[in-house]
Amino acid sequence: MEIYFQLIRDGEGLLAACEELKKEEFVGFDTETTELDPYDGDIRLVQFSSGKQNYVIDLKPFRDRGNLRDSAELAPLRDLLFADKPFKVAHNAKFDAKWIRHHLGTEIGGIYDTFLASQLIAAGDQDRRHSLADVAQFFTGTELDKTEQISDWGADELSHSQLEYAARDAAVMVQLREKMDERLELDGLTRVSRLEFECVMPIAELELNGCYLDEGRWREQLEKVKIAQAKAADELQDMLSAGVAQASLFGRAEINLDSQPQVTDALRNLGVPVPDTTRAWVLQPLAEKFPVVGKLLEYRGVAKMLGSFGENILEFIKPATRRIHADFRQIGAPTGRFACSNPNLQQIPHEEAYRRCFIAGEGKKLVIADYSQIELRILADFSHDENFIKAFESGADFHSTAAAQVFGVKPEDVTPEQRSFAKRLNFGVVYGMGASRFAEMTGITLAEGEATLRRYFTTYRGLDSWLRQAAEKAVNNRESRAASGRMIRMRYDENDPSSKGNVRRNGKNAPIQGTSADILKRALRLLHDSLRSTSGKLVNIVHDEIIVECDAAEAESTSALVENAMRTAGEEFITRVPIKIDIAIAAEWAK
DNA sequence: GTGAAGGGCCAC
DNA sequence: AAACGTGGCCCTTCAC
């Protein structure tokens, strides 16, 4: 397929192209780069398409004439990118946004991301693929050849084939957006799509900013765990080999302590009645009677820390910035939650020993803010439940207040056990927990569990009926919706007896978890806008938590901006329940 | 050698 | 041996 395009290599051509593009509502947009990470390579091409005309801007001649960030002849390009109109239609715009931000020094206004749009439309359907080639095929029937994608974009002279490929990737975006926009509208996803698109730039900056990990502190902690691990391994090895006949003759029979089958075997030799799984909650009750089980759990704990949170994390520190730049997938879960990897900064142990290793840079502070009980507040708002809402309005400790309501005692008379029961119930209902599970984990009988659950839902009748309705809707409609309109498709297999229960539980949880994600994403956008002229930089997010690094002198004002953005975002979705934000200024990620 | 699958466990 | 939701990472095992 021949594509006509205009190759731009000088300021004059660039200005003319930008003047034309400015007239459009939407322009196709793409970049070609020499590496995947903006800290590692150069940006070579920037491509636009108005739908009528395609432009390929070769940045190499501009770079040869001076620094891209300072180049005056690139001003029209920066202005075009920065402006909210025209919308820049890109596939996985986070990628392009990072390169533009880092190499041209401007953020991108007006992003329309067909990658995110595709994920919103698929709404969790695992069978759908989201590469540009797949999405173009699905929505426009166009076959795209991506073989040039991995070609050498650092070459002095780019081939005609490379330039044509580059031009085409921008050119397809215009029609693709039209098709996808129709679909978004039909599926009621327009609002959530804008929410997602506006969140791209904050996440691009989050990844560029990275977070600072104190390598010395981390290694100190690592050494402690290493010693504990070696000790636990040695002791466990001793205890396990006691049941092996050869041990006395040939010394200790070493087994692989990380091997589930070998450990199970050894435990059974010792007379421990181990079921087929050896997960912690199964072993826990056996630990009292069999000390070896307790030792195994101790070993597992330290081994996990050493494996997942050991030396490996340090390898993610980028030499160029001396910071960790994790990957954040904006629609990481069908509920809209983020997923994070390389490394996953959302699963750093809560223990202070680990969190305190993530520190503010020199002369900086961290503003650490999280939504208090956001999912329960969403549930209260959705269900209109009078008592549940009252418990939040009182402003007192929520689980204690709930315990007082459920068990019919005065707030000051709530026992620690009652509070603990209420807390488990409060969290459990969000996940669609049943009586048997509740009884299991609190150590009461099934009958007592059922009675307690009944009591809970009698106290919160509105909550009960909302959860039932949410479950029914999910089964009947095969989908759930979050407050933004975000759709979560339910996979329902009528031949699978467990399927209906799965869908019912999902139906209760998905709108809540999805709305929590909506609120965080809206907050990130508002925050991004309010931090623009300050020293504040977004450095981490964990589902309901935002961490900003700023100049120490600006900590108080930054804290106010963060709180304001989070509150405003919360109040856009939740109106019947107050939003509460816990916020702290600290030198390290620990409170 | 390498990759997928399964078990296990960290976060919210 | 989870009928408590969403992820990612580490380790072992096993097939190719």
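Scroll up to find the structure.
Here is a short report on the structure shown in this document. (Residues numbered from 1 in each chain as written. Chains lettered and ligands numbered in written order. Predicted model: local features only at pLDDT ≥ 70, side-chain atom pairs only at ≥ 80, totals over all residues. Heavy atoms only, no water.)

### Remarks on the overall build of chain A
Step number 1: What chain A contains, in helices and strands, is 25 helices and 16 strands.
Step number 2: Computed over the C-alpha atoms, the radius of gyration of chain A is 28 Å, within 12% of the 25 Å expected from 2.2 N^0.38 for a compact globule of 591 residues.
Step number 3: Along the first, second and third principal axes, the C-alpha set of chain A runs to 80 × 65 × 60 Å.
Step number 4: Within chain A, contacts between residues separated by at least 24 positions form 66% of all contacts whose residues are at least 6 apart in sequence.
Step number 5: Accessible surface for chain A amounts to roughly 27100 Å². Of this, 48% is attributable to carbon and sulfur atoms.
Step number 6: Here chain A holds 75 positive side-chain charges and 93 negative ones, and the gap between their average locations is 5 Å. (Helix = DSSP H or I, 4+ residues; strand = E, 2+ residues; numbered from the N terminus. Rg over C-alpha atoms; globule rule 2.2 N^0.38 Å. Contact = heavy atoms within 4.5 Å. Areas by Shrake-Rupley, 256 points an atom, 1.4 Å probe, with all protein chains shown as cover. Lys, Arg positive; Asp, Glu negative; His and termini not counted. Charge placed at Lys NZ, Arg CZ, Asp CG, Glu CD.)

### Regarding the sheet that holds strand β6 (residues 111-113)
Step number 1: Spatial ordering of the open sheet is given by β1-β4-β3-β2-β5-β6, a layout of six strands whose pairing is mixed. Of all the strands in the sheet, just β1 (6-8) and β6 have a single pairing partner and so form its edges. Each neighbouring strand pair of the sheet contributes to a mean axis angle of 25 degrees, computed without reference to strand direction.
Step number 2: Alignment of strand β5 (residues 87-90) against β6, held across three bridges, turns out to be parallel. Paired with K88 across the two strands is I111, which belongs to β6.
Step number 3: Its contacts with the sheet put helix α3 (residues 75-82) on β2 (26-33), β3 (43-49), β4 (54-58) and β5, and the angle it makes with β3 is roughly 60 degrees. (Pairing = 2+ DSSP bridges. Axes fitted to C-alpha atoms, helices over the stretch in contact; angles between N-to-C directions.)

### Section: the protein's contact with DNA strand B
Step number 1: For DNA strand B, the set of nearby residues contains 18 residues, the closest of which are Q260, T277, T278, R337 and Q347.
Step number 2: Each atom of DNA strand B within 4 Å of the protein belongs either to a base or to sugar and phosphate, the latter forming 79%.
Step number 3: Here a base oxygen of DNA strand B sits 3.1 Å away from a polar atom, N or O, in the side chain of K304.
Step number 4: In the model, a base oxygen of DNA strand B is placed 2.7 Å from a nitrogen or oxygen of the R337 side chain. (Near = heavy atom within 4 Å. Polar contact = N/O pair within 3.5 Å; in protein donor to acceptor, adjacent residues only side chain to side chain.)

### Structural notes on the protein's contact with DNA strand C
Step number 1: Taken together, 33 residues surround DNA strand C, and among them R329, Y431, G434, R437 and R505 come closest.
Step number 2: Within 4 Å of the protein, the contacting atoms of DNA strand C are 62% sugar and phosphate, with bases supplying the remainder.
Step number 3: Taking R505, its side chain carries an N or O atom lying 2.5 Å from a phosphate oxygen of DNA strand C.
Step number 4: When contributions to the surface near DNA strand C are tallied by element, the ones reaching two or more residues are α14 (291-308), β10 (339-341), α21 (435-442) and α24 (499-531).
Step number 5: For the surface near DNA strand C, the element with the most residues is α24, which contributes four residues.
Step number 6: Taken together, the residues that form the surface near DNA strand C break down as nine nonpolar, 17 polar and seven charged. (Nonpolar A, V, L, I, M, F, W, Y, C, P; charged D, E, K, R; others polar.)

### Notes on the environment of I488
Step number 1: Its location among the elements puts I488 in strand β13 (residues 487-489).
Step number 2: Overall, I488 belongs to the buried group, its relative accessible area being 4%.
Step number 3: As a C-alpha pair, I488 and A474 span 14 residues in sequence and 9.2 Å in three-dimensional space.
Step number 4: Not counting residues up to four positions away in its chain, the partners in contact with I488 are A123, P334, T335, R478, E479, S480, A482 and A510. (Buried < 20%, exposed > 50% of the residue type's maximum accessible area, 1.4 Å probe, protein only.)

### Focus: helix α23 (residues 461-477)
Step number 1: Spanning 17 residues, α23 covers 24 Å between terminal C-alpha atoms, matching the ideal 24 Å at 1.5 Å per step.
Step number 2: On the buried face of α23, the contacting elements are α17 (374-383), α18 (386-393), α20 (416-430), α22 (446-459), β12 (479-481) and α24.
Step number 3: R478 occupies a position one or two residues after α23 and carries a positive phi of about 60 degrees. (Expected span 1.5 Å × (residues − 1).)

### Concerning the packing of aromatic side chains
Step number 1: Scanning all chains against the criterion turns up 19 aromatic pairs.
Step number 2: Ring geometry for F29 against F48: centres 5.4 Å apart, planes inclined by 25 degrees, an arrangement best described as stacked. Residue F29 is located in strand β2, and its partner F48 is located in strand β3; the two are separated by 19 residues in the primary sequence. F48 matches F29 in its accessibility class, with the two residues each being buried.
Step number 3: Taken together, a centroid distance of 6.1 Å and an interplanar angle of 45 degrees make the contact between F95 and W99 tilted. Here F95 and its partner W99 are both found in helix α4 (residues 93-104), four residues apart, which amounts to about one turn of the helix.
Step number 4: Residue class for F95 comes out partly exposed when judged on its relative accessible area of 23%.
Step number 5: Every member of this aromatic cluster is reached through a ring pair, and the members are F388, F392, F398, Y456, F457 and Y460.
Step number 6: Geometry around F338 places K521 over its ring, the cationic atom sitting 5.1 Å from the centre. (Phe/Tyr/Trp six-rings, centres within 6.5 Å; stacked < 30°, edge-to-face > 60°. Lys NZ or Arg CZ within 6 Å of the ring centre and 35° of its normal.)

### Examining α21
Step number 1: Along α21, the residues classified as buried are A435, F438, A439 and T442. All buried residues of α21 project into a common sector of 100 degrees when viewed along the axis, lining one side. Facing away from the buried surface of α21 by more than 90 degrees, the exposed residues are R437 and E440.
Step number 2: Those residues of α21 hidden inside the fold are in contact with α20 and α22. (Arc of directions from axis to C-beta.)

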